Amino acid sequence: MNYESTRGSQIKKTGAQAIVQGIAEDKGLYVPEAIPALPLKIKDMVGRSYKEIAHAIIGSYFDDFTEQEMDYCINGAYDEKFTASDVVEIKEAGGAHFLELYHGKTAAFKDMALSILPYLMTTSMKKEGVTDKVCILTATSGDTGKAALEGFADVEGTEIIVFYPTGGVSQVQERQMVSQEGANTHVFAIRGNFDDAQTGVKKIFNDDDFAAQLAAKGVKLSSANSINVGRLVPQVAYYVYSYVKLVERGVIADGEPMNVVVPTGNFGNILAAYYAKEMGVPINKFICASNDNKVLTDFINTGVYDIRPETRGFCCTNSPSMDILISSNLERLLYLLSGRDGAAVKGWMENLDADKVYEVSEGVREALNGFYGGFATENYTLSAIGKMWAENGYLMDTHTAVAYKVYQDYKAQTGDETPTVIASTASAYKFAESVATAIGIGPCADGFAYVAALEQATGVKVPYGLKDLDKKPVLHTGVVDAAAMADAVKGSL
Ligand SMILES: *Cc1c(COP(=O)(O)O)cnc(C)c1O
C-alpha cells in the first residue's frame, strides 16, 4: 500500500515514509492510494477483542510493517493505560449508542491514535533508517497536546513541542499540559486562537530554509496532528469495532446500516468513519456536529467553505476542542469525493489561503449528500447535558453533548430511526465547570473545585489521569506570539 498527496504531485511513499514525513512536499496530506477492503468479514470479527480488530484494520493500511512490528505497536499502545473493559466502551443512553473513546491516559479520544502514533513513528524511523532526531510539532485546541505529550514523553530519538491557544482551553486541559514531565517535552501558550497555532505550525513545515537549518543540526520535523496519516488510520479501527459490537449485541443484523454522529473540529474523526464505510462497513449517514463555529454545517449545506471575517468570527465556546474554522482533514474527503482530483483540491486550498473562501464542484456537492451537518449553541449544549443526566443518569461532556443535540435535530427532521453510534470524545471532567453548571452544581472557586464537586454529586469516578491535577507543579511557562513560533522551536532544540 502506497501513499499519495491530496494535491496531485503523484510522488508515492510507503506508509512508514508518510508517517515520518507528516505532510507531503507539495503541502498536501497523505492518503492511501486505494482504501483497502475490510481484511476480515464482519461475522468473523464478532467476538474479537479491540486489539485484534485494530491489528487487522491498521495492518491493512500499513502493510509495509511486518506482523511482529504491528504486534509491537498494538500491544504497546492498547494496554492497561486504557481502563475500559476492552479499550473502549459502548453504552446505550437516550436512544443512541455512545462509543466512549476517552478511557485512556489523558481522558480524551485523542489517546486512541496518540497512544499508537509514537510506536508507529519510531518503528517507521527504524524501517527508513532515519538517524536524525524527529521533532514532533503540534498545534492543539486542548486535547491533542496532552495526548501527544504523554505519547512521546521520553521516547528516544524524538522531541515534542506543543502550542496551545492561551485562554482557549479549559483550566483542566491547561494544567494537564503545563505539568507534563519528560526531558524531551516543550509546551508553549501562544497569543492567538487554535487556527493561528495550526497555521503557524503549517508555516514552519513549509519553510525550506528552516528545515535546512534543522537538518544541519540533525533534526527532522514531523507532526502529531491529524494531518499525519498515522493519526487517521488508527481511528478507523473503532468504527469497524462499533459496527461489530452492534451486530454482536443484536442491535443490527450483519449488513444492516448504522448512522454515525461525530462532534467535529479538524474533521479527522469523522473522516475515519468515512474510511470505515469505504472499507465496507455499512454506514448510512455521517452526522457532522459543530458548535457555534459552524463552518462545516454551512459547507455541507451549500458547498461553500467560507471563513471570511465578514461572514463569521471565531467563537470561544464551552466545547473548546471544536473551536476551529480551518478543518484540515476536509482536504482528504474532498480528494476522495472529487475522484482524486489533486489539481482541483490544490486550487480550493489555495483559494482558502488567499481569499478565505472556496466553492466545490457540483459533483463534490452531490457526493456530500451522505453527510448531514448541524450545530448546537452553548445553551443547547448545556441543556442536552442536564436533560440526559436527569432522565438517564448518563454524563456527557460538552463535545459529546453537541453531537447528541445535533443527532436529536437530525432525527426530528428526518424521522430516521437507524441505530446510531455517537462518538463520545472526552470525559466530562475535562470540562467540569460547564458540565457541573449544566446539571445545577456550583458556583465553585475554580476548575479543580468543579471536578471535586462533580464527582461528589454524580458518583462518576474522576479518570486517573485527572486525579490531583491541581497539586501537580507547573513545569512549562512559555508564552509566545503566533509570529514567534519558529523561534520557540529553535530555542527548544
Ligand atoms: C479533537 C476533539 C474533537 C474534534 O475531533 P476532530 O477529529 O478534530 O474533528 C472533538 N471532541 C473532543 C473532545 C476533541 O478533543
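For every chain, the first residue of the written sequence is number 1, and numbering continues from 1 along that sequence. The model is predicted, so local features are restricted to residues of pLDDT at least 70 and side-chain atom pairs to those at 80 or more, both for listing and for counting; the totals for chains, interfaces and linings are taken over all residues. Heavy atoms from the whole structure form the basis of all side-chain values; hydrogens and water molecules are not counted.

S.K.: Any chance you could explain the sheet that holds strand β3 (residues 30-32) here in plain terms?
M.R.: Backbone-to-backbone hydrogen bonds pair the strands of a sheet. The strands run either parallel or antiparallel. Here the rule is simple: two strands pair whenever DSSP picks up at least two bridges between them. Counting from the N terminus, the helices are the DSSP runs of H or I reaching at least four residues and the strands are the DSSP runs of E reaching at least two. Spatially, 3 strands are ordered β2-β1-β3 in an open sheet, and the strand pairing comes out antiparallel. Of all strands in the sheet, those with a lone pairing partner are β2 (13-14) and β3, marking the two edges. Where strand β1 (residues 2-5) meets β3, 3 bridges bridge the pair, whose relative direction is antiparallel. In the strand pairing of β3, Glu4 is matched with Val31.

S.K.: Please explain the sheet that holds strand β10 (residues 258-263) as it appears in this structure.
M.R.: Spatially, the 6 strands line up as an open sheet ordered β4-β5-β15-β10-β11-β14, and their pairing is mixed. A strand with exactly one partner marks an edge of an open sheet, and here the two such strands are β4 (89-93) and β14 (371-375). Averaged over all pairs of adjacent strands, the angle between strand axes in this sheet comes to 25°, irrespective of strand direction. As judged from the 5 bridges shared by β4 and strand β5 (residues 96-100), these two strands associate in the antiparallel manner. Note that in β5 the partner of Glu92 across the bridge is His97. When checking whether two residues touch, look at their non-hydrogen atoms; a contact exists if any pair is within 4.5 Å. What counts as an axis is a line fitted to C-alpha atoms, over the stretch in contact for a helix, and the angles between N-to-C directions run from 0 to 180 degrees. Here helix α13 (residues 295-302) sits on the sheet and contacts β11 (283-290) and β14; the angle it forms with β14, its principal contact strand, is near 140°. With respect to the sheet, helix α18 (residues 398-414) is in contact with β5, β10, β11, β14 and β15 (420-424), its orientation differing from that of β11 by roughly 125°.

S.K.: I tried to follow the packing of helix α8 (residues 171-178) against helix α20 (residues 447-458) on my own but got confused; where do I start?
M.R.: Packed helices, taken two at a time, are described by the angle between their axes plus the distance between the axes. Contact pair α8 / α20: the axes reach a minimum separation of 8 Å and the direction vectors enclose 110°. Viewed along their axes, α8 and α20 adopt a mutual orientation that is roughly perpendicular. With respect to the hand of their crossing, α8 and α20 are arranged in left-handed fashion. Note on element contacts: α20 touches α8 through Gly447, Phe448 and Val451, opposite Gln171, Val172 and Arg175. Each residue gets one of three labels, nonpolar for Ala, Val, Leu, Ile, Met, Phe, Trp, Tyr, Cys and Pro, charged for Asp, Glu, Lys and Arg, and polar for the others, Gly among them. Residue classes in the contact of α8 with α20 are distributed as 3 nonpolar, 2 polar and 1 charged. Oblique is the label for any angle not under 35 degrees, not over 145, and not in the 65 to 115 range, which are roughly parallel, roughly antiparallel and roughly perpendicular in turn. In this scheme the handedness of a crossing depends on how the near helix is turned from the far one: anticlockwise by less than a right angle means left-handed, clockwise means right-handed.

S.K.: Got a minute to help me understand the side chain of Thr264 in this structure?
M.R.: Structurally, Thr264 is set in the loop between β10 and α12 (268-279). For this analysis, a polar contact is any N or O atom pair within 3.5 Å, provided that within protein one partner can donate a hydrogen and the other can accept it, and provided that sequence-adjacent residues contribute only side-chain to side-chain pairs. Engagement of the side chain of Thr264 in a polar contact is seen with the backbone oxygen of Val262, the distance being 2.9 Å. Leave out the neighbours within four places in its chain, and Thr264 touches Ile270, Cys288, Ala289, Leu296 and Met322.

S.K.: Just to check I follow, could you spell out the pattern of salt bridges for this structure?
M.R.: Two side chains bearing opposite charge may form a pair once their charged atoms approach each other closely. Salt bridge, as used here: a side-chain nitrogen of Lys or Arg that lies within 4 Å of a carboxyl oxygen of Asp or Glu. Tallied over the entire structure, the rule returns 22 salt bridges. Asp481 is paired through a salt bridge with Arg191; the nearest N and O atoms lie 2.9 Å apart. In this pair, Asp481 is assigned in strand β16 (residues 478-481) and Arg191 in strand β8 (residues 185-191), connecting sequence segments 290 residues apart. The class for Asp481 is partly exposed, based on a relative accessible area of 40%. Between Lys294 and Asp298 there is a salt bridge, with its nearest N and O atoms 3.0 Å apart. Note on classification: 1.4 Å probe, protein chains only; a residue is buried when its accessible area is under 20% of the maximum for its type, exposed when over 50%, partly exposed between these limits. On the basis of relative accessible area, Lys294 is assigned to the partly exposed category, the value being 23%. A single network of salt bridges, built from pairs that share partners, joins Glu4, Lys12, Glu33 and Arg340.

S.K.: So what exactly am I meant to see when it comes to the pairing of β1 here?
M.R.: Looking along a regular strand, one sees side chains alternate from face to face of the sheet. The sheet contact formed by β1 and β2 spans 2 bridges and is antiparallel. When the sheet's bridge partners are listed, Asn2 is paired in β2 with Thr14.

S.K.: How do you make sense of the packing of helix α3 (residues 50-61) against helix α4 (residues 67-77) when you look at a structure like this?
M.R.: Running from amino to carboxyl end, α3 crosses α4 at an angle of 130°, the nearest separation of the two axes being 10 Å. As the angle between them shows, α3 and α4 are arranged oblique. Handedness of the α3/α4 crossing: right-handed. When α3 is examined against α4, the residues Lys51, Ala54, His55, Ile58 and Gly59 are found in contact with a partner set consisting of Glu67, Met70, Asp71, Ile74 and Asn75. Residue classes in the contact of α3 with α4 are distributed as 4 nonpolar, 3 polar and 3 charged.

S.K.: I keep staring at the packing of aromatic side chains and nothing clicks. Help me out?
M.R.: The way to describe two aromatic rings as a pair is by their centre distance and the angle between their planes. Between rings of Phe, Tyr and Trp, where Trp is taken as its six-membered ring, a pair exists when centres lie within 6.5 Å; planes separated by under 30 degrees are stacked, by over 60 edge-to-face, and by other angles tilted. Per the stated rule, a full pass over the model turns up 20 aromatic pairs. Here the aromatic cluster, defined as three or more aromatic residues joined through ring pairs, consists of Tyr50, Tyr78, Phe82 and Tyr241. Between the NZ or CZ atom of Lys294 and the centre of the ring of Phe375, over which it lies, the distance is 5.2 Å. Each ring is checked for a lysine NZ or an arginine CZ that lies within 6 Å of its centre and within 35 degrees of its normal; such an atom marks a charge sitting over the ring. One residue, Lys405, lies across the ring of Tyr380, its end atom 4.3 Å from the ring centre.

S.K.: What's the story with the site of the ligand in this structure? I'm lost.
M.R.: If you check the shell around the ligand, you find 15 residues, and the closest are Lys110, Asp143, Gly265, Asn266 and Thr425. Side-chain polar atom of Lys110 to an oxygen atom of the ligand: 2.6 Å apart, as the coordinates give it. Within the backbone of Gly265, a nitrogen or oxygen atom sits 2.7 Å from an oxygen atom of the ligand. Where accessible areas are quoted, they stem from the Shrake-Rupley method and a 1.4 Å probe; at the residue level, only the protein chains shown are allowed to cover. Computed on the free molecule, the ligand has an accessible area of 380 Å², of which 98% lies beneath the protein chains in the complex. Partitioning the shell around the ligand into residue classes produces 5 nonpolar, 8 polar and 2 charged. In these notes, residues near a molecule or strand are those with any non-hydrogen atom within 4 Å of it.

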